[in-house]
Amino acid sequence: RIYGFYDECKRRYNIKLWKQFCDVFNCLPVCGVVDEKIISMHGGLSPEINNLDEIRRVVRPTDVPDTGLICDLLWADPDKELNTGWAENDRGVSFIFAADVVQNFLTKFGMDLVCRAHQVVEDGYEFFAKRQLITIFSAPNYCGEFDNAAAIMEVDESLVCSFKVLKPVKGKK
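Residues numbered from 1 in each chain as written. Predicted model: local features only at pLDDT ≥ 70, side-chain atom pairs only at ≥ 80, totals over all residues. Heavy atoms only, no water.

S.K.: An account of the sheet that holds strand 3 (residues 77-78) is requested, with residue identities and associated values reported.
M.R.: The sheet built from three strands is open, its strands ordered 3-5-4 with mixed pairing. The two strands at the open ends of the sheet, each matched to only one other strand, are strand 3 and strand 4 (86-88). Note: strand 3 against strand 5 (residues 95-97), two bridges, orientation parallel. Each residue of the ladder has a partner; that of Asp77, found in strand 5, is Ile96. (Pairing = 2+ DSSP bridges. Helix = DSSP H or I, 4+ residues; strand = E, 2+ residues; numbered from the N terminus.)

S.K.: Please give an account of the packing of aromatic side chains that cites residues and values.
M.R.: By the definition in use, this model includes 12 aromatic pairs. Between Phe105 and Phe109 the ring centres are 4.8 Å apart and the planes differ by 50°, which places this aromatic pair in the tilted class. You can see Phe105 and its partner Phe109 sitting in helix 5 (residues 99-109), four residues apart, about one turn around the helix. Accessibility expressed as a relative area gives 8% for Phe105, which makes it buried. Here Tyr142 and Phe146 contribute two aromatic rings whose centre-to-centre distance is 6.0 Å and whose plane-to-plane angle is 35°, an arrangement assigned as tilted. A residue is classified by how much of its surface remains accessible, and Tyr142, at 16% relative accessible area, is buried. Note on Phe146: relative accessible area 33%, which makes it partly exposed. (Phe/Tyr/Trp six-rings, centres within 6.5 Å; stacked < 30°, edge-to-face > 60°. Buried < 20%, exposed > 50% of the residue type's maximum accessible area, 1.4 Å probe, protein only.)

S.K.: How would you summarise the nonpolar core if you had to cite specific residues and measurements?
M.R.: Among the nonpolar cores identified, the biggest contains 25 residues, and Ile39, Leu45, Ile55, Leu73, Val102, Phe105 and Val114 are the most heavily contacted of them. Within the residue set of this core, elements represented by two or more residues are strand 2 (38-41), helix 4 (69-75) and helix 5. Sorting elements by how many residues they give to this core places helix 5 first, with five residues. In contact with Leu73, not counting residues within four places along its chain, are Val30, Cys31, Met41, His42, Gly43, Gly44, Ile49 and Ile55. (Core = buried A, V, L, I, M, F, W, Y, C linked by side-chain atoms within 4.5 Å. Contact = heavy atoms within 4.5 Å.)

S.K.: Account for the pattern of salt bridges, naming residues and giving values.
M.R.: Where charged atoms of side chains with opposite charge meet at close range, the side chains can pair. Counted by the stated rule, this structure contains eight salt bridges. A salt bridge links Asp77 to Arg91; the shortest N-O distance between them is 2.7 Å. Of the two residues, Asp77 sits in strand 3 while Arg91 sits in the loop between strand 4 and strand 5, which places them 14 residues apart along the sequence. A salt bridge links Lys164 to Glu154, with the nearest nitrogen and oxygen atoms 3.8 Å apart. (Salt bridge = Lys/Arg side-chain N within 4 Å of Asp/Glu carboxyl O.)

See the structure below:
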């Protein structure tokens, strides 16, 4: 069984709808920064980020390449099992990265938090790298196959983060 957005669109609607979503996604920013302290993206960090202007210069709309900065911001994943640095991702696209990559990135750019999505997490949100990275997953009962909660992160004016958790509904498909 294939999991993911493509499969869900295909099963519930049609491939044309998935293609229309892709056209919209290709126009959206690949990354956002909140008050120069929180960076947010769908996937994760990239070994190609040398300065934030590289992200600001990304021209949209654009298709997502198989490698490089845009690909990594959309598809890279943190990995608790990885001791240091970067490694090949089992998904077949982008990289996995260790806690030291997060620490080095935040120090280099004077930031406090990396906020990302892209992976199912049981409680709707999950910290990594000594709470310097947070994965937020906003779809409870993902694809009707997981018993995961969903979460929403709120950031107040003082950059204090709080969470609203949506519990999974038992037996919901």
